Amino acid sequence: MSRSGNPARPPRSSAPPSRGSERCRPTTAMGDSIADPARGSGAEPGCVPQGNGSALSVITEGVGELAVIDPEVAKKACEEVLEKVKLMHGVSSDSSTSTGDGGEAERGLRAAGDLANGELVEGCEIRCLDDLPGTACRIQEEEDETAANTVKTARKRQKNNSAKQSWLLRLFESKLFDISMAISYLYNSKEPGVQAYIGNRLFCFRNEDVDFYLPQLLNMYIHMDEDVGDAIKPYIVHRCRQSINFSLQCALLLGAYSSDMHISTQRHSRGTKLRKLILSDELKPAHKKRELPSLSPAPDMGLSPSKRTHQRSKSDATVTISLSSNLKRTASNPKVESEEEELSSSTESLDNSFCSPVRLAPEREFIKSLMAIGKRLATLPTKEQKTQRLISELSLLNHKLPARAWLPTAGFDHHVVRVPHTQAVVLNSKDKAPYLIYVEVLECDNFDTANVPARIPENRIRSTRSAENLPECGITAEQRTGSFTTVPNYDNDDEAWSVDDIVELQVELPEIHTNSCDNISQFSVDSITSQESREPVFIAAGDIRRRLSEQLAHTPTSFKRDPEDPSAVALKEPWQEKVRRIREGSPYGHLPSWRLLSVIVKCGDDLRQELLAFQVLKQLQSIWEQERVPLWIKPYKILVISADSGMIEPVVNAVSIHQIKKQSLLSLLDYFLQEHGSYNTESFLTAQRNFVQSCAGYCLVCYLLQVKDRHNGNILLDADGHIIHIDFGFILSSSPRNLGFETSAFKLTTEFVDVMGGPDGDMFNYYKMLMLQGLIAARKHMDKVVQIVEIMQQGSQLPCFHGSSTIRNLKERFHMNMTEEQLQLLVEQMVDGSMRSITTKLYDGFQYLTNGIM
Amino acid sequence: MAQTEKKGGLLRKSSASKKPLKEKVVLMYDEIFTTEDPSKSNPRFWEELFLMKVNLEYLEGKLEALDGEELMKIKDNINCLFQHCIQALGEEHPIRVVNALQTLCALIRGVHQKNKSTSGFDIINMLVGFDKAELCMKNLMESLDSLLCAEGSESLKSLCLKLLLCLVTVTDNISQNTILEYVMINSIFEAILQILSSPLSRREHGYDAVVLLALLVNYRKYESVNPYIVKLSIVDDEATLNGMGLVIAQALSEYNRQYKDKEEEHQSGFFSALTNMVGSMFIADADEKISVQTNEAILLALYEAVHLNRNFITVLAQSHPEMGLMTTPASPIPTTPVTPLGTTPPSSDVISSAELPLDADVQTSNLLITFLKYSSIVMQDTKDEHRLHSGKLCLIILTCIAEDQYANAFLHDDNMNFRVNLHRMPMRHRKKAADKNLPCRPLVCAVLDLMVEFIVTHMMKEFPMDLYIRCIQIVHKLLCYQKKCRVRLHYTWRELWSALINLLKFLMSNETVLLAKHNIFTLALMVVNLFNMFITYGDTFLPTPSSYDELYYEIIRMHQNFDNLYSMVLRISTNAGQWKEPASKVTHALVNIRAIINHFNPKIESYAAVNHISQLSEDQVLEVVRSNYDTLTLKLQDGLDQYERYSEQHKEAAFFKELQIQVYLNYLWPKLE
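Residues numbered from 1 in each chain as written. Chains lettered and ligands numbered in written order. Predicted model: local features only at pLDDT ≥ 70, side-chain atom pairs only at ≥ 80, totals over all residues. Heavy atoms only, no water.

Per an unreviewed UniProt entry, chain B goes by Armadillo like helical domain containing 3 and derives from Gallus gallus. Of chain B, the UniProt comment under Subcellular location (unreviewed entry) reads exactly: "Membrane". (UniProt positions renumbered as here; feature names shortened; annotations may be inferred.)

An unreviewed UniProt entry annotates chain A as Phosphatidylinositol 4-kinase beta originating from Gallus gallus.

This is the structure in structure tokens:
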């Protein structure tokens, strides 16, 4: 029960006790309404610690105590907790001379909160809070906001039927209640109490878990009734305060999902308002400024309840809270905002010292410039012009970097420092201009507090390009005398500067090899000695010729440069190779925190469907993982920027099958043989297995989601043999034009089957078996998948939701009513049908004719 | 000048009504040109003087009429005038400042005009007076510096630069202009940089600033420590360097555009009138000659930047839209001091402040491309002195570029592909290549193309030996980089090989004529060593194994030339004489080529004999080559991939002195007139 052992949850370091109180109050209110209305809002139960959902699910909150926990036991537990808190508190105040223990005190408090939660005795909890003025004064900050909720739920509680809901409550408190269920109940329940409860319960889940459902949450916030919105908002606001990245994502998604509304309603919608709030930068990270005030009063006041701050007195007892706040205002969100405004302005001076005055502006500016580039590229007629223009535009963008900007698709905190502009490529698209850029970033521990790295001029890389750092191949260097090319410079006026610079550069780059420091003289010595030894050296012409062909053969098969398809070469190059190359050429490359990211910038495309597909894929992936079905799919991250722009995280080490066929002029099987070796080599077999597992995975995805437009340009093959489907522009109810192509369940060409070893091979049976297992697993968790889609349908004009039967059809494709034998038959039928499908062939032919896609 | 014209108009008007009346300012000038102190009669004389509009013509004419001795007589008044001018520069009223600047201009030029032969010190004495010179000039430079840096009017800054240019160019040899010693001591370098770093002032004064800088750098560059050289070499502010690059690129592309217009005019007489008109709109005095006259001043600036400043190399690759098409935006966009991205102020908004124009036709370009095009035009015709100098300077700049690691990195960058339209001389035996079909390639291909083009087109009686040597050196340096960094450039090396072989052929057939003037063996040795480079190190930089075969094929095919060359150098090296040594070097260098020829020729002959073929096809020869590599042994030659770095001080000093005088001659005098 006791979880004092895991207090370290760094990203959530901002004032958890205050949040706890904010959360628990409405919780109590609801809980009371269910079990014992008479207790009223006087209850101030424990805080619900966020995070660690599974451990938490056994905890019973305020109400739980009424039903389950023996009061005596609870009281005892509570006293233990208090002891612990005091102990920790004492420690922290003892050592409060240094500022560094703020965090410790904070941790102590949090632990206290956690522990208190675990035991859940309300009286104890109140005392606990009272005894900790540091906590208390923080509670005040957000309690007004929640008070509104409290009142509302309190009013409604009379109507509730306690008997019916107590079962629900048991579910909510059970171990099994996960974020997916929470979202589902939030969406389906019409009961404001339930919604409010779940709104609070959101705080208990791991951030990453909730993040996955962010599109759903926000879409509900925008398009569903007020109660749902009110339930969600505190959580969103809270998270925005914590994380700048979360703020950005919210703002972008709110904008994108509001765009389907009528323009007049859109302007006044909640979504737009929340978006403005976030963008107005009022939700600055709060943790720093809140920690500090809490420190000073704590040691002074100790446990004396009389010496509270004036703020605390307002919210002293919970009974008065609901009443006073009831008088003060009636469920007014705008007021909450203004309150927050005051708050942030009052601590602005402090705040400034910790983070930049403009939080989101640089990032938005960065995104805006990338989008502007995309728009301008779209006006150019040829790929070549686009590429050139892209490179020059990016080189200009480089002048503004490093900046307090980041790529939201990355999984870690970082600053963007440079865009290696010459590496950027324009991707294949007929009328739009998506492009792929590589972005050099420096990783940092905490984006909010880290300083933007200083700019290093481009030409500072030159010293790293010394001969030593270049890969020397083979023995040729030793065989030939003097591999360096220059004779020492005797020009005095030149030498005067260059020597200085070289020294300076080497100081800057600690990684440089020590033996490189004097390369010029070193080599001149070499050449002199070789001249002295007048013995002629002979070489065989055949050797030269052989080395040439060998070296060319050893370089991994790369694609030829094609002005009409500039991305092929860039994508074929192995990622590690590319990273190494770019790092070598970058002035920031020597820094240990240097990382390379890549991103596809799409301008003029709606990525909301892509995001939906990403979520479904991700969900399927975790279902299959959970059910131990070795299907392989690769969901790639999507950042929706607006209804017509966004970014995509590229799949590395993968090129499209179209590019493969065009460049290699081989069949897929032959290409596999070329890349991985002959049939019985291990690497070929591994690649083949990867191919089968990914193929089965994507066939299921394509079937379930009805992914269309499956030409070879939209199917990638990675270096390990996996296929990856990209471009989910046509899913569910939408398909490209209505020519009646692609009627089969999924795309399975004979070429694919050949790679699997033909229709009679073991691998092909394995493929079918995987499909069956995958389908059974997916069926078992159908709700989790359908839910994602269903919520996004709310208020959406996306083509994939066209018509009224999207969800029904989706559900039908899971075939809940079939036995496993029937399912097996179905899979057989689908595979057979797809293999024989004349339309797939036709569609490829059609694509070849219209778009030149092989 | 506009001012004088205006004044003329005024005069005419007044003269129509009355008897010719002297302007007040002219009367005051007359007072100065007496031995009397003018402020004696009128204590407010100097104050009044600078309120009057300057009559440059009169003042300069008056000064020019006096010779040294006469000037010495009125030295006190001249000194006085000079000092008061400097005083007036500090005044608030812009009219006074403008007048003072113009008066100074006239004064300096007038005094110099008549006294070309006089020593610099005497001129300083005449103008300022020795005793006060140091302080006076310090004040002058400080005033100019603050005027240039201030937020003041653009025309004022322009006048300041004109005055400085005037000061720098009063003597034909800049190093003899003693007065510049004060400009060295009181540096205005920072002011020049500031002009270049801000987009607005750069647009207005960039050209003047760059030329001024180039000239100042050339002041006694070999004799003393020139602070401008020192400072220019360490500038690392990207905004400033980019600004400088833009000014240079703009000037060069303007030249390219004019040339193109003129060329088209030649081709279609119908439009000639029109283009002439358009051309004259761009350049003030667009008579026939000037419109294609080379611009050594700007080229010199480019050279100094590339040669002295290693950071400038990055600017070469800095992309910008094609200059000719980018007319400067009418409304100068106020550069917002707001930092658009984060806490670090944007280190530069050089070009970005004016967003790249949204024009589909605009081809992105960069300074290097513009420069290559310019070079291709200039090097077409090296007959007259100016163009020879220009072409030489172009090659020197390319030499510097070819030696630079960073420059080489982007020259060879596979991702930076450009279509560079080099100008090719129309020749009888070849058609003008269609521009449209040019592939997009790394920039180094364009450099190589340019070199090949030069080699092919300059085999003439007036053999530009120096340029050829530089040209071959550039190719050699590029190859050294490729060898070192294992860059496998997909270039049609065959064109280079056949150009080089043709060059050898030309040298041999004109042996007697050329030997009278040049050491042709140095050049021949360099060419042969280029081949040696391909033969011995081909595996490190050739794109495909078959290109190595092709190299052998080409050598075998043209073996006659190598045979002839060998017999020639052998003949000369066996005779005693001044060419013995260099010729014998060539014989040694030819060892591998001769080995190849001697190895494969019998093989090919026997192949033909066995198969009963009289004439072998290329594929057949290649087949023979491929199957007989293993029995061929080559000798490793030393130092093939080593070169002497470019050095200005010892070898090029005379050239740069000459060049500076040329700049002085064709740029400044006509412009300031």
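Chemist: Mind showing me how you'd approach the overall build of chain A here?
Modeler: Assigned secondary structure in chain A consists of 40 helices and ten strands. Within chain A, the proportion of its 854 residues that are buried is 59%. The contacts in chain A between residues at least 6 apart in sequence include a share of 79% that link residues at least 24 apart. (Helix = DSSP H or I, 4+ residues; strand = E, 2+ residues; numbered from the N terminus. Buried < 20%, exposed > 50% of the residue type's maximum accessible area, 1.4 Å probe, protein only. Contact = heavy atoms within 4.5 Å.)

Chemist: Whenever I open this one, the nonpolar core confuses me. Can you help?
Modeler: The nonpolar side chains of a soluble globular protein tend to be buried with one another. Counting 234 residues, the largest nonpolar core has Leu302, Phe312 and Tyr552 of chain B as the members making the most contacts within it. A per-element tally of this core places helix 28 (residues 520-541) of chain B first, with 15 residues. Sequence-distant contacts of Leu302 of chain B, defined by excluding residues within four places in its chain, comprise Ile248, Leu252, Phe312, Leu316, Leu367, Phe371 and Ile397 of chain B. Formed by 178 residues, the second largest nonpolar core is a distinct cluster that contains Ile222, Phe691, Leu705 and Met830 of chain A. (Core = buried A, V, L, I, M, F, W, Y, C linked by side-chain atoms within 4.5 Å.)

Chemist: Please explain helix 5 (residues 56-65) of chain B as it appears in this structure.
Modeler: Residues and elements named next belong to chain B. The set of residues buried in helix 5 consists of Leu56, Leu59, Glu60 and Leu63. One side of helix 5 holds all its buried residues, which, seen down the axis, span an arc of 95°. Away from its buried face by more than 90 degrees, helix 5 exposes Glu57 and Ala65. (Arc of directions from axis to C-beta.)

Chemist: Please explain helix 31 (residues 580-589) of chain B as it appears in this structure.
Modeler: Those residues of helix 31 of chain B that fall on the buried side of the exposure criterion are Pro582, Ala583, Ser584, Val586, Thr587 and Ala589 of chain B. In this fold, the buried residues of helix 31 of chain B make contact with helix 28, helix 30 (559-574) and helix 32 (591-611) of chain B.

Chemist: Quick question: what am I supposed to make of the packing of helix 10 (residues 130-149) of chain B against helix 13 (residues 189-197) of chain B here?
Modeler: Each packed pair of helices is defined by two parameters, the angle between the axes and the distance between the axes. Residue and element names in this part refer to chain B. Here helix 10 crosses helix 13 at 15°, and the two axes come no closer than 9 Å. In terms of their interaxial angle, helix 10 and helix 13 are classed as roughly parallel. Helix 13 is crossed by helix 10, and the crossing has left-handed handedness. In this structure, helix 10 contributes Asp145, Leu148 and Cys149 to the contact, and helix 13 contributes Ala191, Gln194 and Ile195. Of the residues in the contact of helix 10 with helix 13, the class split is four nonpolar, one polar and one charged. (Axes fitted to C-alpha atoms, helices over the stretch in contact; angles between N-to-C directions. Parallel < 35°, antiparallel > 145°, perpendicular 65-115°, else oblique. Left-handed = near helix turned anticlockwise from the far one by under 90°. Nonpolar A, V, L, I, M, F, W, Y, C, P; charged D, E, K, R; others polar.)

Chemist: How do you make sense of the packing of aromatic side chains when you look at a structure like this?
Modeler: How two aromatic rings sit relative to each other is set out by the distance from centre to centre and by the angle between their planes. Applying the stated rule across the entire model yields 32 aromatic pairs over all chains. Summarising the aromatic geometry, the rings of Phe764 of chain A and Tyr767 of chain A are spaced 5.5 Å apart at their centres and angled 25° between planes, so their arrangement reads as stacked. Remark: Tyr767 of chain A and Phe764 of chain A occur in helix 36 (residues 762-780); sequence separation between them is three residues, near one turn of the helix. We note that Phe764 of chain A, like Tyr767 of chain A, is buried. Through successive ring pairs, a cluster of aromatic residues spans Tyr491, Trp493, Trp497, Phe534 and Phe541 of chain B. Above the ring of Phe728 of chain A, the side-chain terminus of Arg710 of chain A is found at 5.9 Å from the ring centroid. If you follow Lys483 of chain B out to its NZ or CZ, it ends over the ring of Tyr537 of chain B, 4.5 Å from the centre. (Phe/Tyr/Trp six-rings, centres within 6.5 Å; stacked < 30°, edge-to-face > 60°. Lys NZ or Arg CZ within 6 Å of the ring centre and 35° of its normal.)

Chemist: Explanation requested: the pattern of salt bridges in the structure shown.
Modeler: Here the idea is simple: oppositely charged side chains can pair when their charged atoms come close. This structure, assessed with the given rule, holds 47 salt bridges over all chains. In this structure, the salt-bridge partner of Glu440 of chain A is Arg418 of chain A, at a minimum N-O distance of 2.5 Å. Of the two residues, Glu440 of chain A sits in strand 3 (residues 435-443) while Arg418 of chain A sits in strand 1 (residues 414-418), which places them 22 residues apart along the sequence. Neither residue differs from the other here; Glu440 of chain A and Arg418 of chain A are each classed as buried. Between Arg546 of chain A and Asp543 of chain A there is a salt bridge, with the nearest N and O atoms lying 2.9 Å from each other. Pair noted here: Arg546 of chain A and Asp543 of chain A are both in helix 28 (residues 541-554), with a separation of three residues, about one helical turn. With a relative accessible area of 34%, Asp543 of chain A lands in the partly exposed category. A single network of salt bridges, built from pairs that share partners, joins Lys392, Asp466, Arg470 and Glu652 of chain B. (Salt bridge = Lys/Arg side-chain N within 4 Å of Asp/Glu carboxyl O.)

Chemist: Just checking my understanding: could you explain the side chain of Asn628 of chain B for this structure?
Modeler: Relative to the helices and strands, Asn628 of chain B resides in the loop between helix 33 (618-627) and strand 5 (633-636). Discounting chain neighbours no more than four positions away, the residues touching Asn628 of chain B are His599, Phe600 and Lys603 of chain B.

Chemist: So what exactly am I meant to see when it comes to the pairing of strand 1 of chain A here?
Modeler: Each regular strand displays side chains that alternate between the two surfaces of the sheet. Residue and element names in this part refer to chain A. In terms of residue burial, strand 1 counts as a mostly covered element, since five of its five residues are buried. Pairing analysis gives four bridges linking strand 1 to strand 3, with the strands arranged antiparallel. Its bridge partner lying in strand 3, Val416 is registered against Val441. (Pairing = 2+ DSSP bridges.)

Chemist: Before we go on, may I ask you to explain the side chain of Asn592 of chain B in this structure?
Modeler: All names here are of chain B. The residue Asn592 is located in helix 32 in this model. One polar contact links Asn592 to Gln637, side chain to side chain, over a distance of 3.2 Å. Aside from chain neighbours lying at most four places away, what touches Asn592 is Asn532, Thr536, Leu634, Lys635 and Gln637. (Polar contact = N/O pair within 3.5 Å; in protein donor to acceptor, adjacent residues only side chain to side chain.)

Chemist: What's the story with unusual backbone geometry in this structure? I'm lost.
Modeler: It is generally the case that most residues other than glycine have a negative phi and that most peptide bonds are trans. Residues and elements named next belong to chain A. Residues Leu401 and Pro402 are joined by a peptide bond in cis, for which omega reads 0°. When you line up the elements, Pro402 lands in the loop between helix 24 (383-398) and strand 1. Positive phi outside glycine occurs at Leu665, with the angle close to 55°. Topologically, Leu665 is positioned in the loop between helix 32 (657-664) and helix 33 (668-676). Judged by relative accessible area, which is 65%, Leu665 ranks as exposed. Residues other than glycine seldom take positive phi values, yet Asp727 does so here, at roughly 65°. Residue class for Asp727 comes out partly exposed when judged on its relative accessible area of 26%.

Chemist: It is not clear to me how the confidence of the model for chain A should be interpreted in this structure. Could you clarify?
Modeler: Regions with low pLDDT carry predicted coordinates that are not meant to be interpreted in detail. All names here are of chain A. Per-residue confidence for chain A gives a mean pLDDT of 68, with 58% of residues at or over 70. Counted against residues more than four places away or in other chains, residues 1-71, with its pLDDT under 50, gives 174 contacts. Below pLDDT 50 for its whole length, residues 150-160 participates in 18 contacts with residues either more than four positions away or in separate chains. (pLDDT = per-residue confidence, 0-100.)

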